[in-house]
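# Topology and contacts: notes
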Amino acid sequence: MLRLVAGLDRISWAVLFVMMAMTMADVLLRKFTNVTIIGCGEMTEMMMAVVVFCSLAQCQVQDGHIKIDLIMGRCSPKTQALADALTQSLSFSLFCLVAFSTLRHGIEIREWQEVSIDLAIPIYPFVFIAAFGSAMLALILLIKTITCLSEVFTLWTRPGLES
């Protein structure tokens, strides 16, 4: 699972590099030759979906998402562990819904044969990538939820730990 998530993250790096190179080429061509790459903005939008959704799960694996510690830093370890487990489980539920809804939307636009305006690129593969990335994030959140619940159980069942 973690190798798959790391592979998705590497894909997002490669797509980000291609997106940067394409945008730079478009800007330079427009500046020096007054020629633009047709559909550059369109391709950038689609590549951005790949970059974001292929890197979400890896960011969660590395605990790279923002945590606000203003209030929870003052709470006991038991309360912090419980709040963390609750947050992870709610996030898991949310991203299960996001993955499912995005998958349903991808199926719909595949049936409608929706394509981009300039290049007529089918949009549904990018929606499916978003659904897959959301599902991978949900799985990582499930693993984190189980880990947090284990920590909560350990903290709440051991006598003599700080309350």
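Residues numbered from 1 in each chain as written. Predicted model: local features only at pLDDT ≥ 70, side-chain atom pairs only at ≥ 80, totals over all residues. Heavy atoms only, no water.

### Observations concerning the side chain of Gln88
Secondary-structure assignment places Gln88 in helix H3 (residues 77-112). What makes Gln88 buried here is its relative accessible area of 7%. Contact partners of Gln88, with chain neighbours within four places excluded, come to Gln60, Leu141, Lys144, Thr145 and Cys148. (Helix = DSSP H or I, 4+ residues; strand = E, 2+ residues; numbered from the N terminus. Buried < 20%, exposed > 50% of the residue type's maximum accessible area, 1.4 Å probe, protein only. Contact = heavy atoms within 4.5 Å.)

### Some points on a nonpolar patch on the surface
Side chains of Met1, Leu2, Leu139 and Ile143 sit close together on the surface and give an oily, nonpolar patch of about 350 Å² of accessible area. Looking at where Leu2 falls in the secondary structure, it is placed in helix H1 (residues 2-33). (Patch = residues over 30% accessible without salt bridge, like charges linked within 9 Å, V, L, I, M, F, W, Y side chains within 5 Å. Areas by Shrake-Rupley, 256 points an atom, 1.4 Å probe, with all protein chains shown as cover. Salt bridge = Lys/Arg side-chain N within 4 Å of Asp/Glu carboxyl O.)

### Focus: the packing of H1 against helix H2 (residues 40-61)
Across the interface, H1 lies against H2 with an axial gap of 8 Å and an inter-helix angle of 150 degrees. By the angle class used here, H1 and H2 are roughly antiparallel. Once H1 is placed against H2, the crossing between them reads as left-handed. In the contact of H1 with H2, the residues fall into 19 nonpolar, 5 polar and 2 charged. (Axes fitted to C-alpha atoms, helices over the stretch in contact; angles between N-to-C directions. Parallel < 35°, antiparallel > 145°, perpendicular 65-115°, else oblique. Left-handed = near helix turned anticlockwise from the far one by under 90°. Nonpolar A, V, L, I, M, F, W, Y, C, P; charged D, E, K, R; others polar.)

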